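# A closer look at the structure
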Amino acid sequence: MKPFTMAAALNEGKINPQTTYIDTGKITLDTETIHNFANEVYGKQTMTQVLESSINTGAVYAEQQISHKTFFNYIEKFGFTEKTGVDLQGEVYSRNDILKNGLDINYATASFGQGIELTPMQIARGFCAIANGGKLVKPYIVEKIESGKDGQNTKNQISDPVISQQALSHLTTMLVSVVDNGFNGVAKIPGYYLAGKTGTAQVPLPNGRGYDENKTIQSFVGFGPAYNPQFLILVKLDNPKVPKSSLSAVPVFKELAQYIINYWQIPPDYDPTKK
């Protein structure tokens, strides 16, 4: 969720990749206190570093630079209140109606992905907008239906850009920096610029009060080559036996990305021996 929060603040001109803030490890709103993962304290950080280290308070800072109404408008623009329309039976989705009239604390937690409901398909579609020059697409499985000699191709349904090219350029560079400099460069493939973001989500208890201390949903979503995207991969793992997605979902993404690069023979962005 953090990249979409950054997208909104970037597009509104309220931050840039080098905008700084001071992280104290926590922030208190509406008598509730938000902490960073593992209670880490980072000190002075840029917005790019916020994504690299996945700093919760940094996402809250970015959301606070715009109004809640504006933030929710971007949630709608990225398709997080509607079905994607994918041609699979029984698609589920969330309207996120509760957030629409939420408190400051609700918007703060939503800025880094807690208290907001999204399906993997919605997330993948949203990230496709970042890769596609800001345009949302309708995902589909069936490319063509043939009947005898006749055939009907699925028509691409593409929206107008939801954010500007300048904001996209900044955000893509930030996401490349995440892959290059975040989580010890585990996702990096020499010769290629890849853009991506980790995700580690808590699992609510069955009674809806609090979270299971022993379970997480870990994910990674990325696309490449970052400045001429040809593929996007989302990896989601339920309750892996490691503490964070850089140890679980990221290696899966890297293996899949390397396979696609080799299979499609995608030329490298640069010579890794000279970089």
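Given the structure is predicted, the values throughout are model-derived calculations rather than measurements.

The next subject is the side chain of glutamine 218. With respect to the helices and strands, the residue glutamine 218 is situated in strand β10 (residues 211-224). Polar contacts involving the side chain of glutamine 218 include one to the main-chain amide nitrogen of serine 245, which spans 3.3 Å. In this view, glutamine 218 contacts Gly199, Thr200, Val235, Lys236, Leu237, Pro240, Val242, Pro243, Lys244, Ser245, Ser248 and Ala249; residues no more than four positions away in its chain are not counted.

Turning our eyes to something else, we now look at unusual backbone geometry. Backbone geometry follows two general trends: most residues other than glycine have a negative phi, and most peptide bonds adopt the trans configuration. In this chain, glycine 224 is followed by proline 225 through a cis amide linkage whose omega measures -20°. Examined against the element boundaries, proline 225 turns out to sit in the loop between β10 and β11 (231-238). A positive phi angle, near 55°, is found at serine 54, a position not held by glycine. Mapped onto the elements, serine 54 comes out in the loop between α2 (47-53) and α3 (56-64). A positive phi angle, near 55°, is found at glutamine 265, a position not held by glycine. Relative to the helices and strands, glutamine 265 is located in the segment after α9 (249-264). For glutamine 265, a relative accessible area of 68% gives the class exposed.

A few words on the sheet that holds strand β9 (residues 195-204). Read from one edge of the open sheet, three strands run β9-β10-β11, paired in antiparallel fashion. Single-partner strands in this sheet number two, and they are β9 and β11. Between one strand axis and the next, the sheet turns through 15° on average, direction left out of account. Pairing between β10 and β11: eight bridges, direction antiparallel. The residue bridging glycine 224 from the neighbouring strand is phenylalanine 231, located in β11. Where helix α8 (residues 165-181) meets the sheet, it contacts β9 and β10, and its direction lies at approximately 75° from that of β9. Packing of α9 onto the sheet brings it into contact with β9, β10 and β11, and relative to β11 it is tilted by some 150°.

Thresholds applied
Residues numbered from 1 in each chain as written. Predicted model: local features only at pLDDT ≥ 70, side-chain atom pairs only at ≥ 80, totals over all residues. Heavy atoms only, no water. Helix = DSSP H or I, 4+ residues; strand = E, 2+ residues; numbered from the N terminus. Polar contact = N/O pair within 3.5 Å; in protein donor to acceptor, adjacent residues only side chain to side chain. Contact = heavy atoms within 4.5 Å. Buried < 20%, exposed > 50% of the residue type's maximum accessible area, 1.4 Å probe, protein only. Pairing = 2+ DSSP bridges. Axes fitted to C-alpha atoms, helices over the stretch in contact; angles between N-to-C directions.

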